[in-house]
Amino acid sequence: IYERDGSCTTCHQPDGKGLENIYPGLVENEWVQGDEERLIKIVLKGLWGDIEVAGVKYAMNRGVPPMPGLGATLTDKEVAGVLTYVRQSFTNKQPPVRPEIVARVREATKGRVDFYTVEEITREHPFPARPEVRSTALPGR
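Here the structure is a predicted model, which means the values were calculated and not measured. (Residues numbered from 1 in each chain as written. Predicted model: local features only at pLDDT ≥ 70, side-chain atom pairs only at ≥ 80, totals over all residues. Heavy atoms only, no water.)

(A) Examining helix α3 (residues 36–45) more closely. Along α3, eight of the 10 residues are buried, which leaves the element largely enclosed by surrounding structure. Inspection of α3 places Arg38, Leu39, Ile40, Lys41, Ile42, Val43, Leu44 and Lys45 among the buried residues, and these make up the whole buried set. Measuring from the backbone nitrogen of Glu37 back to the side-chain oxygen at the start of α3 gives 2.8 Å, which picks out Asp35 as the cap. Just downstream of α3, Gly46 is the residue with a positive phi angle, here 95 degrees. (Buried < 20%, exposed > 50% of the residue type's maximum accessible area, 1.4 Å probe, protein only. Helix = DSSP H or I, 4+ residues; strand = E, 2+ residues; numbered from the N terminus. Polar contact = N/O pair within 3.5 Å; in protein donor to acceptor, adjacent residues only side chain to side chain.)

Here it is, written out as structure tokens:
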């Protein structure tokens, strides 16, 4: 599924590294390694908006297209399979995604026709707070 024409590999590339400044890579990607329900929603419904992945900003005004939703073309088993593949490849080491979780998320979002926006999906599924970095330097140095 990952390698089908017009599917994941088209944008994220066979090696999962994406295309610089256009398509985010999947290697050590906090979106891939994080909340599986957030990731399922993105694959089912798509994602629109400026996004930051692994410290790199991908901006719509620089030609970054939205990620299309693939829910109409993939079964629950296929979504679970491709997400498991991505979450366990490209140096990612996350647990598999189960088809029954995909089915539950699909049912919960069945009335949605629009892409998720980055702001909306991160509000529904926030990233864990990052620890604050404190300087050990003395003031004025």
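Picking up where we left off.
(B) Quick peek at the side chain of Thr84. Along the chain, Thr84 falls in helix α4 (residues 76–87). Among the polar contacts listed, one links the side chain of Thr84 to the backbone oxygen of Ala80, at a separation of 2.8 Å. Thr84 has contacts with Pro96 and Val97, leaving out every residue within four places of it along the chain. (Contact = heavy atoms within 4.5 Å.)

(C) Geometry of the side chain of Lys41. Within the fold, Lys41 resides in helix α3. Within the structure, Lys41 has its side chain in polar contact with the side chain of His125 (distance 3.0 Å).

(D) Geometry of the packing of aromatic side chains. Under the defined criterion, the tally for this structure stands at five aromatic pairs. For the pair Trp48 and Phe115, a centre-to-centre distance of 6.0 Å together with 35 degrees between the ring planes defines the contact as tilted. Of this pair, Trp48 sits in strand β1 (residues 46–48) while Phe115 sits in the loop between α5 (99–108) and β5 (116–117), placing them 67 residues apart in sequence. A relative accessible area of 42% places Trp48 in the partly exposed class. (Phe/Tyr/Trp six-rings, centres within 6.5 Å; stacked < 30°, edge-to-face > 60°.)

(E) Structural view of the sheet that holds β1. Ordered by their spatial adjacency, three strands build an open sheet running β4-β1-β5, and the pairing between neighbours is mixed. Two strands close off the open sheet at either side, each with one partner strand: β4 (67–68) and β5. Here β1 pairs with β5 via two bridges, running parallel. From the neighbouring strand, Trp48 faces β5, where its bridge partner is Thr117. (Pairing = 2+ DSSP bridges.)

(F) Examining the packing of α3 against α5 more closely. Running from amino to carboxyl end, α3 crosses α5 at an angle of 65 degrees, the nearest separation of the two axes being 10 Å. Considering only the axes of α3 and α5, their crossing is right-handed. Every residue of α5 that contacts α3 at Glu36, Glu37, Ile40, Lys41 and Leu44 is listed here: Ile101, Val102, Arg104, Val105 and Arg106. The residue makeup of the contact of α3 with α5, split by class, is five nonpolar, no polar and five charged. (Axes fitted to C-alpha atoms, helices over the stretch in contact; angles between N-to-C directions. Left-handed = near helix turned anticlockwise from the far one by under 90°. Nonpolar A, V, L, I, M, F, W, Y, C, P; charged D, E, K, R; others polar.)

(G) View of the environment of Arg38. With respect to the secondary-structure elements, Arg38 resides in helix α3. Taking the C-alpha atoms as reference points, Arg38 and Val105, 67 residues apart in sequence, are found 9.3 Å from one another. Ignoring anything within four residues of it in the chain, the contact list for Arg38 reads Glu30, Trp31, Ile121, His125, Pro126 and Phe127.

(H) Expanded view of the nonpolar core. Within the largest apolar cluster, 20 residues are counted, with the highest numbers of intra-cluster contacts made by Tyr2, Leu26, Ile40, Val79, Leu83, Val97 and Val102. Where this core is concerned, the elements lending two or more residues are α3, α4 and α5. It is α4 that provides the largest number of residues to this core, a total of five residues. Excluding residues within four positions of it along the chain, Val79 makes contact with Val43, Leu44, Leu74, Val102 and Arg106. Counting 10 residues, the second largest nonpolar core, distinct from the first, contains Trp31, Ile51, Val64 and Tyr116. (Core = buried A, V, L, I, M, F, W, Y, C linked by side-chain atoms within 4.5 Å.)

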